[in-house]
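# Structure at a glance
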Amino acid sequence: MTAPLTPPPHQPPHNNGHGDPWQAPDPMTGHLPPAPQRAQDGPGLRTELREAALVTVAVALAGLLLGAVWLWLAPRIPLVSDSTAVYLKDTEGEQAIGVDGTFTLLGLAFGVVTGLGVFLWRRRGGVPLVVGLTLGSLLAGVLAWRFGIWLGPAQDVAAHAKEVGKGVVFDAPLELKAKGALLAWPLAALVVHLGLTGLFGPRDPDPYAGYYDHAPRPAQEPPGTQA
């Protein structure tokens, strides 16, 4: 003769979309409860677009500073005239390469600073913010290039040579031969910002974090007794 088995413990009712969303599931089936509904993350699309536009304008205007610093630090290319033609005073000089290199290094430095600044301002990141930073950096590079040329020596070399006179050394116009240097700023800003966001940006909480630590174990049936 076999004694009746102990009835299974009372099972909690299914959630069915009501009550406690963290209600434990049936321990015999082991089904996970549905993830709770979360409120919308972030400040909203309109706010993100407004912040992205602000970043674009602010970073682009910083290009004026880069143009002025570029003019200040870039090496000069000396020219001389014999009243019939204009020549390089130093035919073996590498000043032209130095001009491009100076712009590239400054662009990288400004990109690091702006990428860090945007991250510290809005740590949560977001696609609109990244797009605004990239677009603003591209505009800043172009603005720095044209502003530095405008501030630099006169572009009309012939008129400048006639003005200074025969045999007088004067500076050649500022020129950026390697146009790829315009990408130094946006690339540096993008890498720094994305890297900092990936390492130190906020994380979304895991809705199932700690669930398995507190989940009930399946009840064990007591063995039957033999008469």
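Residues numbered from 1 in each chain as written. Predicted model: local features only at pLDDT ≥ 70, side-chain atom pairs only at ≥ 80, totals over all residues. Heavy atoms only, no water.

### Considerations on the confidence of the model for the chain
Averaged over all residues, the pLDDT of the chain is 78; the fraction at 70 or higher stands at 68%. Element-level pLDDT for the chain is lowest in helix α6 (residues 211-214), with a mean of 55, against a maximum mean of 95 in helix α3 (residues 127-151). (pLDDT = per-residue confidence, 0-100. Helix = DSSP H or I, 4+ residues; strand = E, 2+ residues; numbered from the N terminus.)

### Quick notes on the packing of helix α2 (residues 95-121) against α3
Any two packed helices are characterised by the angle at which their axes cross and by the distance between the axes. The geometry of α2 relative to α3 is characterised by a closest axis approach of 11 Å and an angle of 150° between their N-to-C directions. Between α2 and α3, the angle is such that the two are roughly antiparallel. Taken as a pair, α2 and α3 cross one another with a handedness that is right-handed. For the pair α2 and α3, the contacting residues are Phe103, Thr114, Gly115, Val118 and Trp121 in the first and Leu129, Leu133, Gly141, Ala144 and Trp145 in the second. Considering only residue class, the contact of α2 with α3 consists of seven nonpolar, three polar and no charged. (Axes fitted to C-alpha atoms, helices over the stretch in contact; angles between N-to-C directions. Parallel < 35°, antiparallel > 145°, perpendicular 65-115°, else oblique. Left-handed = near helix turned anticlockwise from the far one by under 90°. Contact = heavy atoms within 4.5 Å. Nonpolar A, V, L, I, M, F, W, Y, C, P; charged D, E, K, R; others polar.)

### Overview of the environment of Gly180
Following the sequence through the fold, Gly180 ends up in the loop between β3 (170-171) and α5 (184-200). Gly180 sits in the exposed class, given a relative accessible area of 53%. In the structure, Gly180 is positioned 76 residues away from Thr104 in sequence and 8.6 Å away in space, judged by C-alpha atoms. (Buried < 20%, exposed > 50% of the residue type's maximum accessible area, 1.4 Å probe, protein only.)

### Considerations on a nonpolar patch on the surface
Nonpolar side chains collect at one region of the surface, where Val57, Leu61, Leu64 and Leu143 lie side by side and expose about 320 Å² of accessible area between them. Broken down by element, the nonpolar patch gets its largest block of residues, three residues, from helix α1 (residues 45-73). Considering the arrangement of structural elements, one finds Leu64 in helix α1. (Patch = residues over 30% accessible without salt bridge, like charges linked within 9 Å, V, L, I, M, F, W, Y side chains within 5 Å. Areas by Shrake-Rupley, 256 points an atom, 1.4 Å probe, with all protein chains shown as cover. Salt bridge = Lys/Arg side-chain N within 4 Å of Asp/Glu carboxyl O.)

### Overview of the pattern of salt bridges
Oppositely charged side chains can form a pair if their charged atoms are brought close together. Per the counting criterion, the structure on display carries four salt bridges. Asp171 is the salt-bridge partner of Arg76, the closest N and O atoms lying 3.9 Å from each other. Residue Arg76 is located in the loop between α1 and β1 (78-81), and its partner Asp171 is located in strand β3; the two are separated by 95 residues in the primary sequence. Here Arg76 falls in the partly exposed class, since its relative accessible area comes to 34%. By relative accessible area, which is 30% here, Asp171 ends up partly exposed. Between Lys177 and Glu175 there is a salt bridge; the shortest N-O distance is 3.5 Å. Residue Lys177 is classed as exposed on the basis of its relative accessible area, which comes to 52%.

### Focus: the packing of aromatic side chains
Under the definition given, this model contains three aromatic pairs. An angle of 80° between the planes, with centres 4.9 Å apart, marks the rings of Trp70 and Phe103 as edge-to-face. Pair noted here: Trp70 is in helix α1 and Phe103 is in helix α2, with a separation of 33 residues, a long-range link. Accessibility assignment for this pair places Trp70 and Phe103 in one class, buried. A centroid spacing of 5.9 Å and a plane angle of 25° characterise the contact between Phe147 and Trp150, whose relative ring orientation is stacked. Here Phe147 pairs with Trp150, and both are found in helix α3, just three residues apart, close to one helical turn. We classify Phe147 as partly exposed; its relative accessible area is 23%. In this structure, Arg146 packs its charged tip against the face of Trp145, placed 4.8 Å from the ring centre. (Phe/Tyr/Trp six-rings, centres within 6.5 Å; stacked < 30°, edge-to-face > 60°. Lys NZ or Arg CZ within 6 Å of the ring centre and 35° of its normal.)

### Structural notes on the side chain of His193
Inspection of the secondary structure assignment puts His193 in helix α5. With a relative accessible area of 1%, His193 lands in the buried category. The residues touching His193, leaving out its near neighbours within four places in the chain, are Gly115, Val118, Phe119, Gly125, Leu129, Val130 and Leu133.

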